[in-house]
Amino acid sequence: MRYPQTFVDDLRRQADIVRVVQDYVQLKKKGANWMACCPFHKEKTPSFSVSPAKEIFYCFGCHKGGSVFNFVMEIERVAFPEAIKIVADKVGMPLPKMEDDGRFEVRRQEADEVIQLNGWALDWWEKQLETNGEARIAREYLERREITEETRKTFRLGYSPDSWEALSSHLKQKGANQSQIDRSGLVVKREEGSGSYDRFRGRLMFPVFDGQGRPIAFGGRTLRNEDAKYINSPETAAYVKGRNLFGLNLTKDEIRRGEFAILVEGFLDLIVPFQFGIRNIVASLGTALTSDQVKLLSRFARKVVVNYDGDRAGVQAAKKSIEILLAEDIEVKVLVLPENADPDEFIRKFGAAEYQNRRAKAQPHIQFVIENALRDRSLHRPAEKAEAVEEVLPYIRAVKSRIQKREYFDMAMDGLQINDVSLRRELWQSLRSTNVDPAGARQKILRRTGVKPTVAEQQLLELLLANENLRREILPSLQKPDYEDLATAAIFTALIEIEAEGLEPSFELLRERAEGDQVTQELLPMLLMAEVDAEDEKKDLRLSAEKCLDALRLVNIDRRIREISAEIAAAERDGNDVKVVELMSEYGGLDRLRKSFEPQSQLAQAESLR
């Protein structure tokens, strides 16, 4: 009995020999390899070398060497099957059932057959792209995307004719039988009746190669209006989804030399940069990044720049990828191109030099996560602030290095304006705890950052609720920024809606409109019970309401000025001169607006009402 060879091969590819050896030996990097004193014989000068590129170890003193399995067998003094178990446990790959040699030979033969049929299909599709009149649509598409003939041949792009059986017929002519064709993944069995039809029809074909440069799968892009923009090969004896990276067979040497990789999503997001000379790049085959793909990539680099599309879907995909990369102790930065451009579009428009310039300024992953957590949220609203912190913390928790984790934590707390020392201490302790409570951070923040209503907003609401004429005069002048960050925002919102509908703002109606808001439920009865004497000649109700509103606006202006000051300091630390200029301009406008308000005594009053 033995483990399936396909599993052993996958395990060898996924296992990072450096990380496995480091569990037993203290390695130090020297050039492309890692060195240490040999664990198998006594020596003072290191002669034990590990090569991640060649996936082997060797001692120049005692001459022991071999694969990661040989190392574990030697160091643990176990047989090969036990070494397989140990490495699989370190890598996190579940062990399959053992099988006899006959089953293994059948599986290996099936994999070889699939690769052979894939090779025949690829040769044929390449010729179709060059010569078939029907393929003109594909050639024109490549011209529009500025793909050169050299690049097309490098990546061996092809075209699948829009026919139900053209490829099947070609494979049979090459000597394949129907059973082999059915197992190849190149055809789809009919739901009704017998037989099959070609899986890829009328599509531009992108082959996926393994580390040895063998075609193991395909992606096909539609050139017409079809729901499925891309269709991909199913799993076969030669191909398991989530274990390969597009382009790695061509770019792994450059990735190793540069010691970092650029990770993109789609085929053309890799092909176009490659054509422009950017060669340390891989694509996740248009699917969610997997831990197996990260382990494969980590054999060549421990630093990754994620450059997915800047739209909402791309941002979500990038965030998921960050978590998986961090779990494998990869240093992650994120590149977001302007106007949500993808790498293909950006490079064709602005060139490789500008792309590399922006790539060099890619954000640390935590900055990217913080900015997205703050999108469409206000830090002045406790619930939204809690949500933002809750969203960011998992990306700090996933960091392996304690020093880096602390650095990222401090950056996040500063960016999310968590200034309470004891709260920061509690959140840091929660990150170090093995018992993760998803709601714990939110409760801590809500408990510490609850916003209380100011005197100004309470007085303004009392006046508005008591006087119908005043509501008609004041409410139209209220703008959302005037009240959206107040503790009583729900009451203002409900009052404006009710007034617009021509209804009377009763207790029941206001409570119903602001349902679920705790401040509303507690404060509303008091606001409605307040006595405002409209006949008192000594009081000018409109003037009182306007003073309250001015006070609230001054508080908002001062708060934004403080925020801008912090953002300017951060931008200066990052060397972002463009951002500094933008923020200084906003600061100047707000400062002038503040001075436009009446006397400084008014400002003092606003300060007292916070």
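Parameters and conventions
- Residues numbered from 1 in each chain as written.
- Predicted model: local features only at pLDDT ≥ 70, side-chain atom pairs only at ≥ 80, totals over all residues.
- Heavy atoms only, no water.
- Axes fitted to C-alpha atoms, helices over the stretch in contact; angles between N-to-C directions.
- Helix = DSSP H or I, 4+ residues; strand = E, 2+ residues; numbered from the N terminus.
- Parallel < 35°, antiparallel > 145°, perpendicular 65-115°, else oblique.
- Left-handed = near helix turned anticlockwise from the far one by under 90°.
- Contact = heavy atoms within 4.5 Å.
- Nonpolar A, V, L, I, M, F, W, Y, C, P; charged D, E, K, R; others polar.
- Pairing = 2+ DSSP bridges.
- Right-handed = clockwise from strand over helix to strand, strands pointing away.
- Core = buried A, V, L, I, M, F, W, Y, C linked by side-chain atoms within 4.5 Å.
- Buried < 20%, exposed > 50% of the residue type's maximum accessible area, 1.4 Å probe, protein only.

Lay out the packing of helix α13 (residues 312-327) against helix α16 (residues 365-374) in plain terms, naming residues and giving numbers.
Close contact between α13 and α16 brings their axes to 11 Å; oriented N to C, the two are set at 140°. One way to sum up the angle between α13 and α16 is to call them oblique. The element α13 and its partner α16 pack so that their crossing is left-handed. Counting all contacts with α13, which are made through V315, A318, K319, I322 and L326, the residues of α16 involved are H365, F368, V369 and N372. Residues that form the contact of α13 with α16 fall into these classes: 6 nonpolar, 2 polar and 1 charged.

I'd like to hear about the sheet that holds strand β10 (residues 215-222), residue by residue, with values.
Note on sheets: strands pair through backbone hydrogen bonds, and any given pair is parallel or antiparallel. Within the open sheet, the 4 strands sit side by side as β6-β9-β10-β11. Their pairing is antiparallel. Each edge of the sheet is formed by a strand with only one pairing partner; in this case those strands are β6 (158-160) and β11 (230-232). On average, adjacent strands in this sheet sit at an angle of 35° to one another, irrespective of strand direction. Taken strand by strand, helix α6 (residues 136-144) contacts β6, β9 (203-209) and β10, and its axis lies near 70° from that of β9.

Got a sec to walk through the pairing of strand β14 (residues 303-306)? Specific residues and values, please.
Sheet topology note: the strand β12 (residues 261-264)/β14 ladder contains 3 bridges and is parallel. Bridging from a neighbouring strand, A261 pairs with V304 of β14. Between the parallel pair β14 and strand β15 (residues 331-334), the chain is carried across by α13, and the sense of this crossover is right-handed.

Any details on the nonpolar core? Residues and values, ideally.
L325 and V392 are the most contacted members of the largest nonpolar core, which has 47 residues in total. If you tally residues by element for this core, the top one is helix α17 (residues 382-397), at 6 residues. Setting aside chain neighbours within four positions, we find V392 in contact with I366, V369, I370, A373, A412 and L416. With 44 residues, the next largest nonpolar core counts I216, F274, A283 and A341 among its residues.

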